[in-house]
Amino acid sequence: MPTLTTSPATEGLSPAPAGKAEQNGRRRSYRRERLVQALFLAPAALYLVLFFGYPVVKNIVMSLQEYTTRTFFTGEAPWVGMANYATAVGSSLFAPAMLNTALFTLGSIAGQFVIGLAVASFFKKRFPLSGFLRSMLLLPWLLPLIVSSATWRSILDQDSGILNAFLQNLGVIQDPIPWLTSPSVALLAVVLVNIWVGIPFNVTLLYGGLQEIPEELYEAGAMDGATGWKAFWHITWPNLRPVVSVVLVLGVVYTLKVLDIILGLTNGGPANATQTLAVRSYQESFVNFQFGVGAAFSNILILISLVFAVVYLRLNRRAVDE
């Protein structure tokens, strides 16, 4: 039979279409994969746009308008520019609200983090019923905040609250403390309740971070004399820093907008002693029905949260790089 031969001119041309077809097939496969990924992400993206993106944009627009109850009937919301922000900042309660917000946030975050880290370190050691006790710690976090505030309002009552009765029986105090009715004590009481609410969140994240630290590091450190506090500073803290960043950023953002606890305990009183920016936003919007001014207060809170998150994360990244 005659044999087929290829000339030098045609030799090497046949693999080219096959290689091109293979590349086209890879591209189609990559596009299908990307399409499938996009379809899986679409519901989450749509949820974020509808329930986070739209409210934020609407809130910004509302803060630039004269938005009152009349707007709901007439549909008219005259454009006022930065007038609502000027009203918010120029309010006599703005400075006290800013100070109370700072004290409330710093006190809450410090208490939640220190106690949460101590409890998480305690539960790192295995002992009977440790799992059950960890699950019980989640109860304050799972309860609706309005229920927690109502319970604590009863506990902190000056005349019939069990906290004053307990402290008097121990001989710590002689007269009942007006936890929720004294301007000098009310903010402290609100901070203590918020610390109680936030401890489970801190314990959960910090405990997970502690579990990720290899035990071999502690064993090697012990051989070099790094035990106790030395082991904490040189082994635990550096390895826990990424989790600490998440805990602090989320904690600050959450604490800045706390409203339920303050409304349930003091409603911003007494004598505006527990007024925060979140409370001012609520009262301007749903008590005074000045929705534009209330939106301005909430946008100031959002701006403060963003500034803190950006600054803290940049400083933390710089510390890690060094």
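Residues numbered from 1 in each chain as written. Predicted model: local features only at pLDDT ≥ 70, side-chain atom pairs only at ≥ 80, totals over all residues. Heavy atoms only, no water.

The next point concerns the pattern of salt bridges. Applying the stated criterion across every chain, the model contains 2 salt bridges. Here Arg-70 makes a salt bridge to Glu-66, at a shortest N to O gap of 3.9 Å. The class for Arg-70 is partly exposed, based on a relative accessible area of 48%. The exposure class of Glu-66 is partly exposed, given its relative accessible area of 34%. Across the salt bridge formed by Glu-284 and Arg-280, the nearest N and O atoms sit 2.6 Å from each other. (Salt bridge = Lys/Arg side-chain N within 4 Å of Asp/Glu carboxyl O. Buried < 20%, exposed > 50% of the residue type's maximum accessible area, 1.4 Å probe, protein only.)

This part covers unusual backbone geometry. A cis amide bond, omega -10 degrees, links Gly-269 with the succeeding residue Pro-270. For Pro-270, the location among the structural elements is in the loop between helix 12 (260–265) and helix 13 (277–286). Even without a glycine there, the phi angle at Asn-267 is positive, about 55 degrees. Mapped onto the fold, Asn-267 is located in the loop between helix 12 and helix 13. Of note, Phe-289 is a non-glycine position whose phi angle comes to about 60 degrees, a positive value. (Helix = DSSP H or I, 4+ residues; strand = E, 2+ residues; numbered from the N terminus.)

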